[in-house]
Amino acid sequence: GALPPSVVPPLELLDRGEVVLQTRRSIDRVRDANRRPVGPAFLIIGAQKSGTTAVYEYLHQHPLVLRGARRESHALDWRWDAKAKTLEEKRSACVDRFFPASKLRSHPSLLCGDSTPSYLLHGNLVLPRLQEVMPWKPKVIVCLRDPVARAY
């Protein structure tokens, strides 16, 4: 059936001569490029064997969700570049290195995410870095599991 009116996005008319960028997934206006933060829109963290890989794979079945360079980037813990001093250097070492930054800059309708379950264990290290290099506050998806049920 048809979507209810509240779900259907409003129709937007292009200006005469306006340029659009098209991928097989999306059509974006050139004027909208760089209007959205470049980096992960979500982080998946969690306990061992709690389904983080499954959640990551389910989310990446959506055509507008891109994969990063690796599933467990560890960009905010042991792959953190301690030599980077300025915010720009830190963001480049963290975001540009592990996520499809150029695609995200030019196609604001695309999203990407990270699944590094061990961030759950290193909150004292990860949270300050996350706040510094990703101030847009990506959604954090936490997967947990009953440890007693896992033991059997």
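The paragraphs below set out a description of the structure included in this document. (Residues numbered from 1 in each chain as written. Predicted model: local features only at pLDDT ≥ 70, side-chain atom pairs only at ≥ 80, totals over all residues. Heavy atoms only, no water.)

## Description of the pattern of salt bridges
Reasoning step 1: A complete count under the given rule lists nine salt bridges for this structure.
Reasoning step 2: Here R71 makes a salt bridge to E72, at a shortest N to O gap of 2.6 Å.
Reasoning step 3: What makes R71 partly exposed here is its relative accessible area of 24%.
Reasoning step 4: Assessed through its relative accessible area of 29%, E72 is described here as partly exposed.
Reasoning step 5: Bridged by salt links that share partners, the residues E12, D15, E18, R29 and R31 form one connected network. (Salt bridge = Lys/Arg side-chain N within 4 Å of Asp/Glu carboxyl O. Buried < 20%, exposed > 50% of the residue type's maximum accessible area, 1.4 Å probe, protein only.)

## Examining the sheet that holds strand β5 (residues 111-115)
Reasoning step 1: One open sheet accounts for four strands, arranged β4-β5-β3-β6; its pairing is parallel. Every interior strand has two partners, whereas the edge strands, β4 (65-66) and β6 (139-143), have only one.
Reasoning step 2: Bridge analysis of strand β3 (residues 42-46) against β5 gives three bridges, and the strand direction is parallel. From the neighbouring strand, L43 faces β5, where its bridge partner is D114.
Reasoning step 3: The strands that helix α1 (residues 52-59) touches are β3, β4, β5 and β6; relative to β3, the one it contacts most, it runs at about 160°. (Pairing = 2+ DSSP bridges. Helix = DSSP H or I, 4+ residues; strand = E, 2+ residues; numbered from the N terminus. Contact = heavy atoms within 4.5 Å. Axes fitted to C-alpha atoms, helices over the stretch in contact; angles between N-to-C directions.)

## Notes on the nonpolar core
Reasoning step 1: By size, the foremost hydrophobic cluster in this structure holds 20 residues, and its most contacted members are L76, C94, L104, Y119, V133 and M134.
Reasoning step 2: Listed by contribution, the elements that provide at least two residues to this core are β3, α2 (87-98), α3 (101-106) and α4 (123-133).
Reasoning step 3: Ranked by size, the runner-up nonpolar core spans five residues in total, among them F42, I44, Y56 and C143. (Core = buried A, V, L, I, M, F, W, Y, C linked by side-chain atoms within 4.5 Å.)

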